[in-house]
Each structure stands twice: as structure tokens, then as C-alpha cells.
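# Structural characterization, general
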Amino acid sequence: MPSSLSSISARVTLLALFSATTFYFLYKSRRLRHLKSLTLSSKPIPRGKILFVSQTGTSKTLAHRLHNLLASNGVVFDLVDAQSYDPEDLPKETLVLIVASTWEDGNPPPGARFFATWLAESVKDFRVGALLLKGFRFGVFGVGSRVYGERFNAVAKGLVKQIRDLGGSEIVALGEGDVDGGELDLDFEKWCEKVVGVLKGGKGLENGVNGDLECGVYDSEEESEGESDLEEEEIVDLEDIAGKVPPRKKTAAAAAAESDANGNGNGKVNGQREMVTPVIRANLVKQGYKIIGSHSGVKICRWTKSQLRGRGGCYKHSFYGIESHRCMEATPSLACANKCVFCWRHHTNPVGKSWQWKMDDPIDIVNTAIELHTNMIKQMKGVPGVTLERLNEGLTPRHCALSLVGEPIMYPEINALVDELHKRRISTFLVTNAQFPDKIKSMKPLTQLYVSVDAATKDSLKAIDRPLFGDFWERFIDSLTALKEKHQRTVYRLTLVKGWNIEDVDAYYKLFSIGEPDFVEIKGVTYCGSYASSFSSVHPLCPHIVCGKRHSIR
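Basis of the calculations
- Residues numbered from 1 in each chain as written.
- Predicted model: local features only at pLDDT ≥ 70, side-chain atom pairs only at ≥ 80, totals over all residues.
- Heavy atoms only, no water.
- UniProt positions renumbered as here; feature names shortened; annotations may be inferred.
- Helix = DSSP H or I, 4+ residues; strand = E, 2+ residues; numbered from the N terminus.
- Buried < 20%, exposed > 50% of the residue type's maximum accessible area, 1.4 Å probe, protein only.
- Contact = heavy atoms within 4.5 Å.
- Areas by Shrake-Rupley, 256 points an atom, 1.4 Å probe, with all protein chains shown as cover.
- Salt bridge = Lys/Arg side-chain N within 4 Å of Asp/Glu carboxyl O.
- Axes fitted to C-alpha atoms, helices over the stretch in contact; angles between N-to-C directions.
- Parallel < 35°, antiparallel > 145°, perpendicular 65-115°, else oblique.
- Nonpolar A, V, L, I, M, F, W, Y, C, P; charged D, E, K, R; others polar.
- Pairing = 2+ DSSP bridges.
- Right-handed = clockwise from strand over helix to strand, strands pointing away.
- Phe/Tyr/Trp six-rings, centres within 6.5 Å; stacked < 30°, edge-to-face > 60°.
- Lys NZ or Arg CZ within 6 Å of the ring centre and 35° of its normal.
- Left-handed = near helix turned anticlockwise from the far one by under 90°.
- Arc of directions from axis to C-beta.
- pLDDT = per-residue confidence, 0-100.
- 1 Å grid on protein atoms, 1.4 Å probe; cavity = no way out; pocket = protein on both sides within 12 Å on 5 of 7 lines; lining within 4 Å.
- Points joined across faces, edges and corners; volume = space filled by probe spheres on them.

Looking up the protein chain in an unreviewed UniProt entry gives the name tRNA 4-demethylwyosine synthase (AdoMet-dependent), with the organism given as Stylosanthes scabra. UniProt's Pathway (unreviewed entry) comment on the protein chain is quoted here verbatim: "tRNA modification; wybutosine-tRNA(Phe) biosynthesis." Taken from UniProt, the Sequence similarities (unreviewed entry) comment for the protein chain reads in full: "Belongs to the TYW1 family."

Below, the structure is given as C-alpha cells:
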């Protein structure tokens, strides 16, 4: 009996010990979670910033007044001149107040031009996306003069629209001050009161937008004018697109451009038709392209700007050692023989099966391309992060990517143009769409020759590239065969689209055995919004996967 009681007692003791241990560990676990939550919540909150865009000092003075007002209300902000602020730090901010003046012709003051340009380019750049400034709260007060009519406070209105497009949310509606005929001080005081009220009350505009769009915040009339311009000109940036697809209906300008591209327009000089008609030229110039002669173009790449500022280069730098700030992106032919569904150029450039336009001299094209490119490099002087050393290096390009737009191999003097670049110690990458096998055969050696392999079967190639040639598949295979015989560095470039050309792995493998390229570059495609216009609302992304010849492609 005693032994039985002893056994029961031992079991009770053991059970109590296990229970206590369990409760102890549960307590410690909950305690640790509580302490962790306190640690996370105690992270320092970034201080807000007041940026001023000023030329004569008016906006700077107002910004100082706002800074002092907020400080007197116990709200601490940093006061920063937009001229010395790096706009690439904007995504790190949580709250920014901007006092911006408008200078000549509706432009920002020279010192803040880079800040404004960065925002405008980010909106157009499809790689940035509409959530770059998600969680970014802001308010803008504009300083201008009503005597300039439609350009009154153009800079402030533009900043509001661009930050909204990038995902930012307004805490107060745009304030506007008139330095000539209005009550600038009174208007600014009222706007400041709204700011203080929001910051102390913690509320902003619903969904980041004033329901009535008061105080000139990009009102409906201005918006309709912008849409009207888009419909009239169908202008969409050919490279730095941000999902803004033009309307499906064919506009007068688009019809005129297509008419010119098909040889029915009146863009002729001395009996020879120019590839770049006035309509196409106007569109390209507005989008940032520099037109060379009658059929060539050059444009500075965002990666060139990035490396000038010491912020890294593109895939050519990562995989091939090419310095992006010394790379020139150009084309001797804006025309193409395909109408690819994923083309981010939206088919505003001409199309054709053969060269049928006036032809410019290759040396003139190279000279002008370098001149225009270096002029664009010079404009980066004074931009935050750009050193004199990198700027001087950028003024001497050492690489030319002949892949800006169109089909460069169509240009009859392409060999002479490449020779001229090589004479100047400029390496060359050329991309062709695999529809001109004879041109590939006659092409002199380049630094690297690319062929776009956009599909692995005849049906999928027809669906995705929409080629002009009836014998497009035969031309495609002949182009790959010709690539194998080039005895130089060659590349297959695959632009893959889910649901269109990504499933036929075995068929791709068979194509690899035809051309036996040295490298295979795989580009992804992403969808940039729900638009009913066309498949063109998806765009290639810059990131690449590069496979060497000796690696297993499978």
C-alpha cells in the first residue's frame, strides 16, 4: 500500500513538473513575442522633408516659413533644396511637402530640372511601375504668375500628377500662389493651415485625391485636354513606356503615319520618300529620340544615366563588362519587317520588306549620332552623383548598341557604318529579327551579333511576331543557319511571354542546334496594367538570364 501511494505521489509530482514547465515556456514565448513587437514598433520614424524649387528665392522663403510654422507646432521637418536632393531617395520618404516655382516657358528652374525630369521619366518608364511611391504622402504649393495663362504653376501641377501616377497620396490639395496679381502670402497661409491641421489630426484627402479637385489640382478640363492630345497625336514613348497604351481607334495622325509608311503619303524629298515623315518625326522628338537624317535615331538609355551617377549598369555591364555610361544606343533604320505583339514601340515606326527610302551616308550617321549622344551626356553635368571623371568618360562612347528600334540590318550600308564605328574603337552589338538571312550572310564581323528567337514553332512565330513576309518561317530558319556560319560571337535572344511562346521547350532546343549560338539571352515580359487596347500593354523587362554555349540549355 505505501509503495502504491509513493508511486501515485511520484506521478503527481512529475505531472506538476511537466505542467509548470509547459506554462513557463508558454509564458516565455508570449513574453518574447511581446518584446519583439515593442522592438519593431520602436523603430525610428523617418522625419518629413520640405523641398523647395526656387529661382529668385520666393519659394525658398515660403519653405522657411512653413518649416518654422511646423516646428512651432511640434512637428519637425528637414528643409532641403531640390537642387541638392537625390530624387532616387523619394521611395524611402514617407512625407514630403514641396514648394515649387515655375520658371520660363512653364519649366522648373535650372537647378531643379533634374528633379523634375527624373519624376517625368519615372512615370513613363514601364520598369518603374505605378507603386514606386506607394505609402508616400505629399503636398505641393505652387508659386507662379497668372500672366502666363495656361502655364501658370505648370511645374507644381506636373509634380502633383507625376507623384500621383507613381502611387503617392496627397494629404492636402494643391495650393497655388500668384506673385503678380494675387494674394500670395494669404494663399500660402491658408494652405499651411490645412497642412498643420492634417498633420495634427492625422487625416488626408480620401484616396489621396480631393474629390472636387479644387485648387487647380489637374482639373477635369486639363485632363480632357491631355486625353485630347493623346488621341490627336497618339504619342506614346517608344521605350520608356509606363503602361499608357494609346486608344484602339485609329486617329488621323496614326492614319497619316501608316499611309506614309506604306508609301501612300507625301513625305518625299527630290522624288525620294523619307522614312521619317513629319508626323513620325514629331512623335519621336517628343518622346526623347534624337533623329539623325531621314531614317536613323539615337537616344540616351536610363542605364547610361544610372551608371553616370554611380548607381549600376545594365545586363551588358553585368555579363559582358561594357560600361553603361560609355554606351550609345542607336539605329540606322527606324523601319522593321515585323509587328510583334509585345513590341513596346506600339508600331509607330515604319514597316517594310525592303529598303525603299532615301538613304543617308553612314559616316554622317555615325558623326551625328556621337554628337547628339555626347550632347545628351553633357546635360547630366551637375546632376547629383555624377562625377567629373565619369562625365568625361561618357563623352567618349566605347560601345554602340544597334538595337534602339527597327531593323538595323535593313540599312544597305550597314557594313560601312559598323566599320566606321570600329575604326573609332567603338564595339558593336547588333540585333536582327531573323527575316533577312542574306543580310546576315553578308554582314561583316561585329563584336556580337544577335538574332531574336521569339517563338519555337511556325504558328507561334506568326502569332507573336506578325511578320510581313509570307515565307517568314523559311527566312527565320535560314537566318539561324546563317548565324552558325558567321564564325564570330553570336547570341539567341528569347523574349518569353507566358501563354504565347514559353511552353515549347523541346522545339526551342531543336532551334539551338541549328544556329549553335555562343550565348542565349532570355528576357522576361511583364503585364503593366489592365488595358483593353492590345497585347502591347505587356512590355519586355531589362533583366536577363544569359547561358553560355557550354552550359546545358535544357
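A word on the overall build of the protein chain. Counting secondary structure elements, the protein chain contains 17 helices and 17 strands. Within the span of the protein chain, comprising 554 residues, buried residues form 47% of the whole. If you take every contact in the protein chain between residues at least 6 apart in sequence, the share linking residues at least 24 apart comes to 74%. For the protein chain, the computed accessible surface area is about 27,200 Å², with 52% contributed by carbon and sulfur atoms.

All right, on to the pattern of salt bridges then. Oppositely charged side chains may form a pair once their charged atoms are brought near each other. One pass over the full model with this rule turns up 19 salt bridges. Of the charged contacts, one joins Asp78 and Arg47 as a salt bridge, the two residues approaching to 3.0 Å between their closest N and O atoms. Linking Asp78 in strand S2 (residues 77–81) with Arg47 in the loop between helix H1 (2–41) and strand S1 (48–53), this pair joins segments that are 31 residues apart in sequence. Judged by its relative accessible area of 45%, Arg47 is partly exposed. For the salt bridge of Glu170 with Arg164, the shortest nitrogen-to-oxygen distance reads 2.8 Å. An identical accessibility class is assigned to Glu170 and Arg164; each is buried. Here the residues in one salt-bridge network are Asp86, Glu88, Arg309 and Arg311, joined through shared partners.

Below, the discussion takes up the packing of helix H16 (residues 472–484) against helix H17 (residues 505–515). Direction vectors running N to C along H16 and H17 enclose 50 degrees, while the axes themselves pass 7 Å from each other. Relative to H17, H16 is oriented oblique. Side by side, H16 and H17 meet where Phe476, Ile477, Leu480, Thr481, Leu483 and Lys484 of the first sit next to Leu511, Ser513, Ile514 and Gly515 of the second. Looking at the contact of H16 with H17 residue by residue, the classes come out as six nonpolar, three polar and one charged.

Here we take up the pairing of strand S12 (residues 399–402). Because side chains alternate across S12, one face comprises the buried residues His399 and Ala401, and the other comprises Cys400 and Leu402, equally buried. As paired strands, strand S11 (residues 327–331) and S12 are joined by four bridges and run parallel to one another. Note that in S12 the partner of Glu329 across the bridge is Ala401. Here four bridges tie S12 to strand S13 (residues 427–432), and the two strands are oriented parallel to one another. Each bridged residue has a counterpart across the sheet, and for Ala401 the counterpart in S13 is Phe429. In terms of handedness, the path from S12 via helix H13 (residues 414–423) over to S13 forms a crossover that is right-handed.

Considering all chains together, one arrives at 14 aromatic pairs under this definition. Through a chain of ring-to-ring contacts, the aromatic side chains of Tyr315, Tyr320, Phe429, Tyr450 and Phe519 assemble into a single cluster. Above the plane of the ring of Trp303 lies Arg302, whose end atom (NZ or CZ) is 4.9 Å from the centre.

The next point concerns the pairing of S1. Walk down a regular strand and you will see the side chains alternate between the two sheet faces. With six of six residues buried, S1 is to be regarded as a mostly interior element. Here S1 shows two buried faces, one formed by Gly48, Ile50 and Phe52 and the other by Lys49, Leu51 and Val53. As defined by bridge partners, S1 adjoins strand S3 (residues 95–101) across five bridges and the pair is classed as parallel. The residue of S3 that forms the bridge with Phe52 is Val99.

Between helix H11 (residues 362–378) and H13, the shortest axis-to-axis distance is 8 Å and the interhelical angle comes to 45 degrees. Classified by the angle between their axes, H11 and H13 sit oblique to one another. Seen along the crossing, H11 lies across H13 with a hand that is right-handed. Contact residues: Pro362, Ile363, Ile365 and Val366 in H11; Ala416, Leu417, Glu420 and Leu421 in H13. Looking at side-chain class alone, the contact of H11 with H13 contains seven nonpolar, no polar and one charged residues.

For H17, the complete set of buried residues consists of Tyr508, Leu511, Phe512 and Gly515. Buried residues of H17, seen end-on, are gathered within an arc of 110 degrees and therefore sit on one face of the element. Looking one or two residues beyond H17, the residue adopting positive phi is Glu516, at roughly 45 degrees.

We now examine the confidence of the model for the protein chain. Looking at the protein chain as a whole, the pLDDT averages 77, with 71% of positions reaching at least 70. When mean pLDDT is taken per element in the protein chain, H13 scores highest with 95 and helix H6 (residues 220–233) scores lowest with 35. This stretch, residues 529–543, has a pLDDT under 50; its non-local contacts, to residues over four places away or in other chains, come to 51 contacts. Throughout residues 550–554 the model reports pLDDT below 50, and contacts reaching past four residues in sequence, or to other chains, amount to six contacts.

Relative to the helices and strands, Glu150 is located in the loop between strand S4 (137–144) and helix H4 (154–165). Judged by its relative accessible area of 76%, Glu150 falls in the exposed class. In sequence terms Glu150 and Gly106 are 44 residues apart; their C-alpha atoms lie 8.7 Å from each other.

Let's shift gears to empty space enclosed by the protein. According to the stated counting rule, one finds two cavities of 30 Å³ or more in the structure shown. When its volume is computed, the second largest cavity comes out at roughly 50 Å³. Lining the second largest cavity we find Met328, Ala330, Thr331, Pro332, Ile365, Val366, Ala369, Cys400, Leu402, Leu417 and Leu421. When contributions to the lining of the second largest cavity are tallied by element, the ones reaching two or more residues are S11, H11, S12 and H13. Along the lines of polarity and charge, the residues of the lining of the second largest cavity split into 10 nonpolar, one polar and no charged.

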